[in-house]
Amino acid sequence: MKSALIVVAEGVWQTPVASNTLPPYNHTHCYWIDTGQGFILVDTGDGVLGTEQLYEAYVALGRPPMQAVIVTHGHHDHVGGAQWAYDQWRVPVWLNFKDWELLPEVLRSASYWQDLGRVRSKEFFGMELIDAPGHTPGQINLFLPKHRLLFAGDNLLGNSTSVITPPYGHLRTYLQTLERLAQYDAQVVLPAHGDVITNPARYITLYQRHRKERLAQIRHALQAHPLSAQELAAQLYPGALQFLGTRMMLSHLQYLMEEQEVTLLEDEIHYRLIAP
């Protein structure tokens, strides 16, 4: 059993909650922030496996007054516990409504949602609110200047790369977000999954390099003959990852089509490299 409360910095704690999420992970990291006026909870897990751990963490903190809940984006392993959180504290739950379509149907009728997309000031509960799409259209990240902490949601993950899959994920937008995050000169990145990242600048560079290398691998594979996303994934991803790899291929192929380097054939399955 993972600890319900891990100190990250003064006034900041992590709670890893069991969650139905993508491998290699089985937890979503939720974060508690003491603003001096009350507490903020960032992300809520899937609402099924981890709410007991969230409650244990809240008790360990001394049952502090809560100001708000912020969810970084609309995927179920981040928003699923929103109803539980609202039932506990009756505080607003903030989400960028660009991710509204991603919400589980059962949560869309709730009245507690507040739209982060309507927040005009970058300053938000003592943190900087960062528009950080690409993994999803409405993902937000948070930067806490006091400790140079970046709450990265699913944009940066400890131990693996982020999943970018259409129609809601968009690789070009994601790469622009990585450039934006690099400008914050964070000392530590707090991801929603995996280990805390203590070398952010190098880590972001490796992420960018990985995407460029993947694009180069696809160009090389298509030199011989047209291939489908599934056939490309079979070449470029290990066996257990091929299903997810096929979806990832689609985001990279979309990028190459936008660059006019690749075209989709009339069968709408196979992709061909456009001769220079």
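Above: the structure in question.
Okay, so let's go over this structure. (Residues numbered from 1 in each chain as written. Predicted model: local features only at pLDDT ≥ 70, side-chain atom pairs only at ≥ 80, totals over all residues. Heavy atoms only, no water.)

**Let's talk about the packing of helix α7 (residues 229–236) against helix α8 (residues 242–258)**
Any two packed helices are characterised by how steeply their axes cross, that is the angle between the axes, and by the distance between the axes. Direction vectors running N to C along α7 and α8 enclose 115 degrees, while the axes themselves pass 8 Å from each other. As α7 packs across α8, the resulting crossing turns out to be right-handed. Every residue of α8 that contacts α7 at Ala229, Gln230, Leu232, Ala233, Ala234 and Leu236 is listed here: Gln242, Gly245, Thr246, Met249, Leu250 and Leu253. Considered class by class, the residues forming the contact of α7 with α8 number 8 nonpolar, 4 polar and no charged. (Axes fitted to C-alpha atoms, helices over the stretch in contact; angles between N-to-C directions. Helix = DSSP H or I, 4+ residues; strand = E, 2+ residues; numbered from the N terminus. Left-handed = near helix turned anticlockwise from the far one by under 90°. Contact = heavy atoms within 4.5 Å. Nonpolar A, V, L, I, M, F, W, Y, C, P; charged D, E, K, R; others polar.)

**A short note on the packing of aromatic side chains**
Counting across every chain of the model gives 14 aromatic pairs. Judged by centre distance (6.3 Å) and plane angle (25 degrees), the ring pair of Trp32 and Tyr58 falls under stacked. Linking Trp32 in strand β3 (residues 27–34) with Tyr58 in helix α1 (residues 51–60), this pair joins segments that are 26 residues apart in sequence. Judged by its relative accessible area of 0%, Trp32 is buried. The class for Tyr58 is buried, based on a relative accessible area of 10%. Ring plane angle 50 degrees and centroid distance 5.2 Å describe the contact between Tyr112 and Trp113, whose orientation is recorded as tilted. Trp113 sits in the buried class, given a relative accessible area of 6%. Among the aromatic residues, those joined into a ring-pair cluster are Tyr86, Phe97, Trp100, Tyr112 and Trp113. Taking NZ or CZ as reference, Arg214 lies 4.4 Å from the ring centre of Tyr237, over its face. (Phe/Tyr/Trp six-rings, centres within 6.5 Å; stacked < 30°, edge-to-face > 60°. Buried < 20%, exposed > 50% of the residue type's maximum accessible area, 1.4 Å probe, protein only. Lys NZ or Arg CZ within 6 Å of the ring centre and 35° of its normal.)

**Notes on α8**
For α8, which comprises 17 residues, the first-to-last C-alpha distance of 24 Å matches the rise-based estimate of 24 Å (1.5 Å per residue) to within 8%. All of the buried residues in α8 are Leu244, Gly245, Met248, Met249, Ser251, His252, Leu253, Tyr255 and Leu256. Where the residues of α8 are buried, they touch α5 (171–182), α6 (200–222), α7, β14 (262–264) and β15 (270–273). Taken from the residues just after α8, Gln260 is the one with a positive phi, measuring 60 degrees. (Expected span 1.5 Å × (residues − 1).)

**Quick word on the nonpolar core**
With 40 residues, the main nonpolar core has Leu150, Leu156, Ile218, Leu222, Leu232, Met249 and Leu253 as its most contacted residues. When contributions to this core are tallied by element, the ones reaching two or more residues are β11 (149–153), α5, α6, α7 and α8. Ranked by residues supplied to this core, first place goes to α6 with 7 residues. For Leu222, the residues in contact, after removing those within four places along its chain, are Leu227, Leu232, Leu253, Val262, Tyr271 and Leu273. (Core = buried A, V, L, I, M, F, W, Y, C linked by side-chain atoms within 4.5 Å.)

**Some details on empty space enclosed by the protein**
If you walk through the whole model with that rule in mind, you get 1 cavity of 30 Å³ or more. Taken as a whole, the largest cavity encloses approximately 30 Å³ of empty space. In terms of lining residues, the largest cavity is bounded by His29, Tyr31, Val42, Asp43, Thr72, Phe151, Ala152, Gly153, Leu190, Pro191 and Ala192. Elements supplying a minimum of two residues to the lining of the largest cavity: β3, β11 and β12 (188–191). Considering every element that reaches the lining of the largest cavity, the biggest residue donor is β11, with 3 residues. Of the residues contributing to the lining of the largest cavity, the split by class is 7 nonpolar, 3 polar and 1 charged. (1 Å grid on protein atoms, 1.4 Å probe; cavity = no way out; pocket = protein on both sides within 12 Å on 5 of 7 lines; lining within 4 Å. Points joined across faces, edges and corners; volume = space filled by probe spheres on them.)

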